[in-house]
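What the coordinates show
Residue-level listing of the chains:
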Amino acid sequence: MAGPMKMRATLAGGGTAAANTEVRVLMTHPMTTAQSGQPLHFIQNLTVKQNGKTVIEAEISQAVSRNPVFSFRLKGGAKGDKIEVSWLDNKGETNKIESAVA
Amino acid sequence: MNRFLSGLLFLTWACGPVSAQDTKKEIQKYQQMIAEGSPVELFELEGEALWKKPQGPHNVSLEKCDLGQGPGVLKAAYARLPRYFKDADRVMDLETRLLHCMTTLQGRSREEATKRVFGNENQPSEMEYLSAYIASQSRGVKLAAGRSHPKEKEAYELGKALFFHRAGAWDMSCASCHGEENKRIRMQELPVMSKPQFARPIMATWPAYRVSNSQFKTMQWRLNDCYRQMRYPEPNFASDATIALNTFLTVTAAGEPYRGPGTKR
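Along every chain, residues carry numbers that run from 1 in the direction the sequence is written. To label them, take the chains in the order written and letter them from A, then take the ligands in the order written and number them from 1. This being a predicted model, a pLDDT of at least 70 is required before a residue's local features are given, and a value of 80 or more before pairs of side-chain atoms are given or counted; all residues contribute to the totals for chains, interfaces and linings. Note that water and hydrogens are dropped before the side-chain values are worked out from all heavy atoms of the structure.

**Focus on the pairing of strand E2 (residues 20–27) of chain A**
All names here are of chain A.
- DSSP calls a pair of strands paired once it identifies at least 2 bridges connecting them. Secondary structure follows DSSP: runs of H or I at least 4 residues long count as helices, runs of E at least 2 residues long count as strands, and numbering of each begins at the N terminus. In terms of strand pairing, strand E1 (residues 5–12) meets E2 through eight bridges, oriented antiparallel. Looking at E2, one finds that Leu 11 is bridged to Thr 21.
- Summarising the sheet, E2 and strand E5 (residues 69–75) pair through seven bridges and their orientation is antiparallel. Across the sheet, the residue bridging to Val 23 is Phe 72, located in E5.

**Re the interface of chain A and chain B**
- Contacts are assigned to residue pairs with any non-hydrogen atoms lying within 4.5 Å of each other. Contacts between chain A and chain B engage 13 residues on the former and 13 residues on the latter.
- Using a 1.4 Å probe, buried area is obtained as the accessible area two parts lose upon being combined, added over both of them. Taken together, both faces of the contact between chain A and chain B bury some 1,100 Å²; the carbon and sulfur share is 50%.
- Should a side-chain nitrogen of Lys or Arg be within 4 Å of a carboxyl oxygen of Asp or Glu, the pair is scored as a salt bridge. Run the count over chain A and chain B and you get two salt bridges.
- In protein, a polar contact requires one atom able to donate a hydrogen and another able to accept it; more generally it is a pair of N or O atoms within 3.5 Å, and residues adjacent in sequence count only if both atoms are side-chain atoms. Here chain A is connected to chain B by four residue pairs in polar contact (both at pLDDT 80 or more).
- Taken together, the elements giving at least two residues each to the side of chain A that touches chain B come down to E1 and E2 of chain A.
- Side-chain classes are defined by residue name, with Ala, Val, Leu, Ile, Met, Phe, Trp, Tyr, Cys and Pro counting as nonpolar, Asp, Glu, Lys and Arg as charged, and the others, Gly among them, as polar. Looking at the side of chain A that touches chain B, its residues break down into five nonpolar, four polar and four charged.

**Topic: the packing of aromatic side chains**
All names here are of chain B.
- In this scheme Phe, Tyr and Trp rings, the latter by its six-membered ring, pair at centre separations within 6.5 Å, and the angle between planes marks the pair as stacked below 30 degrees, edge-to-face above 60, and tilted otherwise. With the rule as written, the count across this model stands at 10 aromatic pairs over all chains.
- Between Phe 43 and Phe 216 the ring centres are 5.5 Å apart and the planes differ by 25°, which places this aromatic pair in the stacked class. On the criterion of sequence distance, the pair formed by Phe 43 in helix H3 (residues 40–51) and Phe 216 in strand E6 (residues 215–217) is long-range, its members being 173 residues apart.
- Judged by relative accessible area, Phe 43 falls into the buried class, the value being 4%. Only protein chains enter the accessibility calculation, which uses a 1.4 Å probe; a residue is then buried when its area is under 20% of its type maximum, exposed when over 50%, and partly exposed in between.

**Regarding the confidence of the model for chain A**
- This prediction gives chain A a mean pLDDT of 89; 95% of its residues lie at or above 70.
- A score between 0 and 100, pLDDT records how confident the predictor is in each residue. Here E1(A) stands out as the least confident element of chain A, with mean pLDDT 89; strand E6 (residues 82–89) of chain A is the most confident, with 96.

**Regarding the sheet that holds E6(B)**
All names here are of chain B.
- Pairing is mixed in the open sheet, where three strands are placed in the order E6-E5-E7. What marks the edges here is a single partner per strand, and that holds for E6 and strand E7 (262–264). When strand polarity is set aside, the average angle formed by the axes of neighbouring strands in this sheet is 30°.
- Examined bridge by bridge, strand E5 (residues 208–210) and E7 share three bridges and lie parallel to one another. What sits directly across from Arg 210, in E7, is Lys 264. Each axis is a line fitted through C-alpha atoms, taken for helices only over the stretch in contact, and angles between the N-to-C directions span 0 to 180 degrees.

Pasting the structure below:
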């Protein structure tokens, strides 16, 4: 079972034309590599949605650390926007978290 | 020899592009960077789930556990430990008290509850998760370990004596490494733990996540590992000696607002 995730989404420079949405997300994952002697287990895909629309699709390799943290800066945005981050690993396990921009 | 060394240090400081001050600043920058990406919050979430999970022969959670502020009160509990508990007639630190609740409330045997007190990177221990969650509930609260009850005073004095007591294969004491200012091992500064100004920032950030091995570490582990490094026999988990040392260190750090669980190299 996938462990917890935690996300913070905040608006930087709110109200101005140069507003940015800053997203910081923590995820629990062993991220084991082929060299660890354990079965290969790592996050392969990362998807970020802003109000239901996919804005980032990323491919992650085994080189990323255990329990990784990612941060993104999305152009524009407003308070209350729904940000959803989900991951899919090589075993087909998945987890997601959704929160509103503060 | 000392004069030669300080002369050398001065030269490095005066002419070298990287001074001791710069090194210190770079280390601080690195520590700040790792703290920003710390997965400590994930451990707190897992700990909260464990705190509320019914377990043991009595099939109850730890939610009625009295950590010193009343049954189930977590706010400020960690910052006021170790302290004397009347029901156990003993000074206890967080892990010792948790063990007490596991054996009394949940009806688990001490043997079963201590089978795995220190985890590894693949499977953290129950104590580690719980410590992360409970300590996080003291953020902003000033450290105030018990120091009024005779047993608390006794623990403090014993801890102080242990800190300076040299023994073991290498004839070392805690003070052998933590007794002199401006010493470090590689990037790790060695705080003089018997002085408040050094003990404060350290005690305010333990328990902590260590990035170098992806593990969450408790204070009992920290003391246990110091004893391992000094080549002493392994101290018993939740023993009077480890609680006394923890009492001595936390009392020395009294008044510092708690800001952990921290992130270490």
